[in-house]
Amino acid sequence: MLNPKKERTEFNKLHKRLRRNVGSAIADFNMIEAGDKIMVCLSGGKDSYTLLDILLHLQKTAPIHFDILAVNLDQKQPGFPEHVLSEYLEKLGVAYHIIENDTYSVVKRVIPEGQTTCSLCSRLRRGSLYGYAQEQGITKIALGHHRDDILETFFLNIFFAGKLKAMPPKLLSDDGKNMVIRPLAYCKEKDIEKYSDFKQFPIIPCNLCGSQENLQRLAMKKMLENWDKNTPGRVESIFSSLQNIAPSQLADTQLFDFTGLQLDVPGNDKPDVFESDSAGLDILQ
């Protein structure tokens with residue numbers, strides 16, 4: 001048990017680290033600009049509470065002005081403590097809105113008992129949040145996904161979908177009408193857990209899917225935790241690889257013009273793939 005002085009010191013270090021990581025992610029991906037109206041999506045979990053808390057601190061010190069609106073989607077889960085978030089946000093003095101949409105009944109009706117509900121639940125949540133954001137003139141939708149979420153998604157796609165993709169820190173929706181940002185992209189889940197414990201956020205468990213066992217994501221989480229424990233630095237290296245991609249060293253013909261590669265020999269009139277404008281566009285797409 002830490003004494004109060006040491007505990008405060010540890011908290012200050014943790015808070016500073018989280019603010020630095022969030023600030024770096026915002027700067028690297030140009031997540032927040034002057035005049036933005038940021039909708040921070042609150043689920044009642046540790047990640048979204050931490051996201052809101054850090055953004056509120058940064059809002060006070062940022063050289064630009066941006067507004068924050070905290071939004072929660074009440075999915076009408078049985079026993080959901082509706083008062084918790086509203087009381088917490090009113091105490092903070094933060095502008096907020098509760099969207100009421102019974103997605104719980106839809107999920108329970110469509111998904112057979114015992115099967116994973118996360119995918120459908122996520123799609124329904126996203127639709128509700130996107131719609132409200134457009135109505136309110138929101139310029140950025142901030143989600144609480146952290147570094148571990150991104151890596152778990154990366155390996156889920158590799159192992160179960162045959163795709164090399166993860167969660168981007170900044171994403172434009174398919175219809176081009178919503179911009180999603182993930183300011184916690186550089187933050188470790190274990191740091192967020194510690195921060196949440198320090199702050200004693202009023203956590204609300206997800207009764208819809210939080211109790212489901214043997215989810216594929218849970219397996220990815222345990223895999224990463226084991227690597228982090230037994231091979232320090234491996235997880236950091238994997239995350240760095242997501243920002244250091246060499247398309248010509250993979251095998252996606254849509255991403256790199258392999259068919260256009262030609263030897264640079266005398267008499268070869270075909271343009272070198274690395275000198276042609278079209279090849280450059282292929283590489284960047």
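Worth saying up front: this structure is predicted, and the values here are computed from it rather than measured.

A. Focus on the nonpolar core. Grouped together as the largest cluster of nonpolar side chains are 49 residues, with contacts concentrated most on V22, I32, V40, L52 and L55. Residue contributions to this core peak at seven residues, all from helix α2 (residues 46-61). L129, Y132, I138 and I141 belong to the second-largest nonpolar core, a separate cluster that totals 14 residues.

B. Spotlight on the packing of aromatic side chains. The tally for this structure, following the rule as stated, stands at 12 aromatic pairs. An angle of 15° between the planes, with centres 5.5 Å apart, marks the rings of F11 and Y195 as stacked. With F11 in helix α1 (residues 4-28) and Y195 in helix α7 (residues 189-199), this residue pair connects regions lying 184 residues apart in the sequence. In this structure, F11 and Y195 share a single accessibility class: buried. Ring geometry for F154 versus F155: centroids 5.2 Å apart, planes at 65°, classification edge-to-face. Looking at F154, the relative accessible area reads 10%, which means it is buried. Pairwise contacts between aromatic rings join F11, Y49, Y88, Y195, F198 and F201 into one cluster.

C. Expanded view of the pairing of strand β1 (residues 37-42). With five of six residues buried, β1 lies mostly within the body of the structure. Note: β1 against strand β2 (residues 67-74), six bridges, orientation parallel. Pairing of M39 across the sheet is with L69, part of β2. Once the chain exits β1 it traverses α2 before rejoining the sheet at β2, and the crossover so formed is right-handed.

D. Representation of the pattern of salt bridges in the model. For the coordinates displayed, the defined rule picks out 13 salt bridges. Taking the shortest distance from any N to any O, the salt bridge between K140 and D36 comes out at 2.7 Å. Of this pair, K140 sits in strand β4 (residues 140-142) while D36 sits in the loop between α1 and β1, and the two are 104 residues apart along the sequence. The same class applies to K140 as to D36, namely buried. Measuring nitrogen to oxygen at the nearest pair gives 4.0 Å for the salt bridge that ties D148 to R147. Given the relative accessible area of 13%, D148 is considered buried.

E. Quick look at the environment of S43. For S43, the position within the fold is in the loop between β1 and α2. Take S43: its relative accessible area is 49%, and that puts it in the partly exposed class. A C-alpha to C-alpha distance of 9.6 Å links S43 and L143, two positions 100 residues apart in sequence. Those residues in contact with S43 that sit more than four places away from it in its chain are S48 and N72.

F. Local environment of unusual backbone geometry. The phi dihedral of N30 falls on the positive side, at around 50°, and the residue is not glycine. Following the sequence through the fold, N30 ends up in the loop between α1 and β1. Take N30: its relative accessible area is 37%, and that puts it in the partly exposed class. One non-glycine residue, Q200, adopts positive backbone phi at about 55°.

G. Region of the structure containing the pairing of β2. Burial analysis of β2 places seven of its eight residues in the buried class, which makes it a mostly covered element. Examined bridge by bridge, β2 and strand β3 (residues 96-100) share five bridges and lie parallel to one another. Paired with N72 across the strands is I98, a residue of β3. Once the chain exits β2 it traverses helix α3 (residues 82-92) before rejoining the sheet at β3, and the crossover so formed is right-handed.

Reading guide: rules and limits
- Residues numbered from 1 in each chain as written.
- Predicted model: local features only at pLDDT ≥ 70, side-chain atom pairs only at ≥ 80, totals over all residues.
- Heavy atoms only, no water.
- Core = buried A, V, L, I, M, F, W, Y, C linked by side-chain atoms within 4.5 Å.
- Buried < 20%, exposed > 50% of the residue type's maximum accessible area, 1.4 Å probe, protein only.
- Helix = DSSP H or I, 4+ residues; strand = E, 2+ residues; numbered from the N terminus.
- Phe/Tyr/Trp six-rings, centres within 6.5 Å; stacked < 30°, edge-to-face > 60°.
- Pairing = 2+ DSSP bridges.
- Right-handed = clockwise from strand over helix to strand, strands pointing away.
- Salt bridge = Lys/Arg side-chain N within 4 Å of Asp/Glu carboxyl O.
- Contact = heavy atoms within 4.5 Å.

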